[in-house]
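The primary structure of each chain is shown beneath.
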Amino acid sequence: VQLVESGGGLVQAGGSLRLSCAASGSTFRLNIMGWYRQAPGKQRELVATITSGGGNTNYADSVKGRFTISRDNAKNTMYLQMNSLKPEDTAVYYCTAVGGPDFGSWGQGTQVTVSS
């Protein structure tokens, strides 16, 4: 599967962005999907995951209550709604299949920059 992220950009603290991850192929709906992020000089960290049907989600403590992960299997697309953004959310955000037939597939990333 090919994964392509979009929706990143520059936003002021307190603002919102919605990231999208568009997948090719017919196996997207079978995958457990996730969003990771990597800030400069830091390790890549897991932000959120969502099960194949979208019924269960999990979040890093740092984003709970601010970010919402969702998916539309009919559109082969996953989303990350990010609200109340903070400067520490600045990172490159990646989508990936964390389980399922396309496990280990990664997108190229999209930059999110939050100014104070």
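A few points on the structure. Fair warning: this is a prediction, and the values are worked out from it, not measured in the lab.

1. Looking at the sheet that holds strand S5 (residues 45-50)
With respect to topology, 6 strands assemble into an open sheet ordered S2-S10-S9-S4-S5-S6, the strand pairing being mixed. On the outer flanks of this sheet lie strand S2 (9-12) and strand S6 (57-59), each paired with one strand and no other. Pairwise comparison of adjacent strand axes, ignoring direction, gives a mean angle of 25° for this sheet.

2. A look at the state of the cysteines
All told, the structure shown has 1 disulfide when counted by the stated rule. Residue Cys 21 pairs covalently with Cys 95 via a disulfide, S to S 2.1 Å. Linking Cys 21 and Cys 95, the disulfide has an S-S dihedral of approximately 60° and is accordingly described as right-handed. Of this pair, Cys 21 sits in strand S3 (residues 17-23) while Cys 95 sits in strand S9 (residues 91-99), and the two are 74 residues apart along the sequence.

3. As for the packing of aromatic side chains
Following the criterion strictly, the structure yields 2 aromatic pairs and no others. Centroid distance Tyr 94 to Trp 106: 6.2 Å. Interplanar angle 80°. Geometry classified as edge-to-face. Linking Tyr 94 in strand S9 with Trp 106 in the loop between S9 and strand S10 (110-115), this pair joins segments that are 12 residues apart in sequence. Here a set of aromatic residues connected by ring pairs shows up, and it is made of Tyr 36, Tyr 94 and Trp 106. Just above the ring of Tyr 94 sits the side chain of Arg 44; from NZ or CZ to the centre is 3.9 Å. Against the face of Trp 106 rests Arg 44, its NZ or CZ located 4.6 Å from the ring centre.

4. Considerations on the sheet that holds strand S1 (residues 3-6)
Pairing between the strands of a sheet comes from backbone hydrogen bonds, and it takes one of two forms, parallel or antiparallel. Here 4 strands make up an open sheet; going across it, the order is S1-S3-S8-S7 and the pairing antiparallel. On the outer flanks of this sheet lie S1 and strand S7 (67-72), each paired with one strand and no other. Across the sheet, the axes of successive neighbouring strands diverge by a mean angle of 15°, strand direction being ignored. Two elements, S7 and strand S8 (residues 77-82), share 6 bridges in a ladder whose sense is antiparallel. Pairing of Phe 67 across the sheet is with Met 82, part of S8.

5. Re the pairing of S5
The pairing of strand S4 (residues 32-38) with S5 spans 5 bridges and is antiparallel. The residue of S5 that forms the bridge with Arg 37 is Glu 45. In sequence, S4 turns back onto S5 through a hairpin of 6 residues, with Gly 41 there showing a positive phi of about 75°. Bridge analysis of S5 against S6 gives 3 bridges, and the strand direction is antiparallel. Each residue of the ladder has a partner; that of Ala 48, found in S6, is Tyr 59. The antiparallel hairpin formed by S5 and S6 contains 6 residues in its connecting segment, where Gly 54 sits at a positive phi of about 85°.

6. Examining the side chain of Thr 110
Assignment of secondary structure puts Thr 110 in strand S10. At a separation of 3.2 Å, a polar atom in the side chain of Thr 110 contacts the main-chain amide nitrogen of Gly 8. Beyond its immediate stretch of four places on either side in the chain, Thr 110 contacts Glu 5, Ser 6, Gly 7, Gly 8, Leu 19, Ala 91, Val 92 and Tyr 93.

How each quantity is defined
- Residues numbered from 1 in each chain as written.
- Predicted model: local features only at pLDDT ≥ 70, side-chain atom pairs only at ≥ 80, totals over all residues.
- Heavy atoms only, no water.
- Pairing = 2+ DSSP bridges.
- Helix = DSSP H or I, 4+ residues; strand = E, 2+ residues; numbered from the N terminus.
- Axes fitted to C-alpha atoms, helices over the stretch in contact; angles between N-to-C directions.
- Disulfide = S-S within 2.5 Å.
- Phe/Tyr/Trp six-rings, centres within 6.5 Å; stacked < 30°, edge-to-face > 60°.
- Lys NZ or Arg CZ within 6 Å of the ring centre and 35° of its normal.
- Polar contact = N/O pair within 3.5 Å; in protein donor to acceptor, adjacent residues only side chain to side chain.
- Contact = heavy atoms within 4.5 Å.

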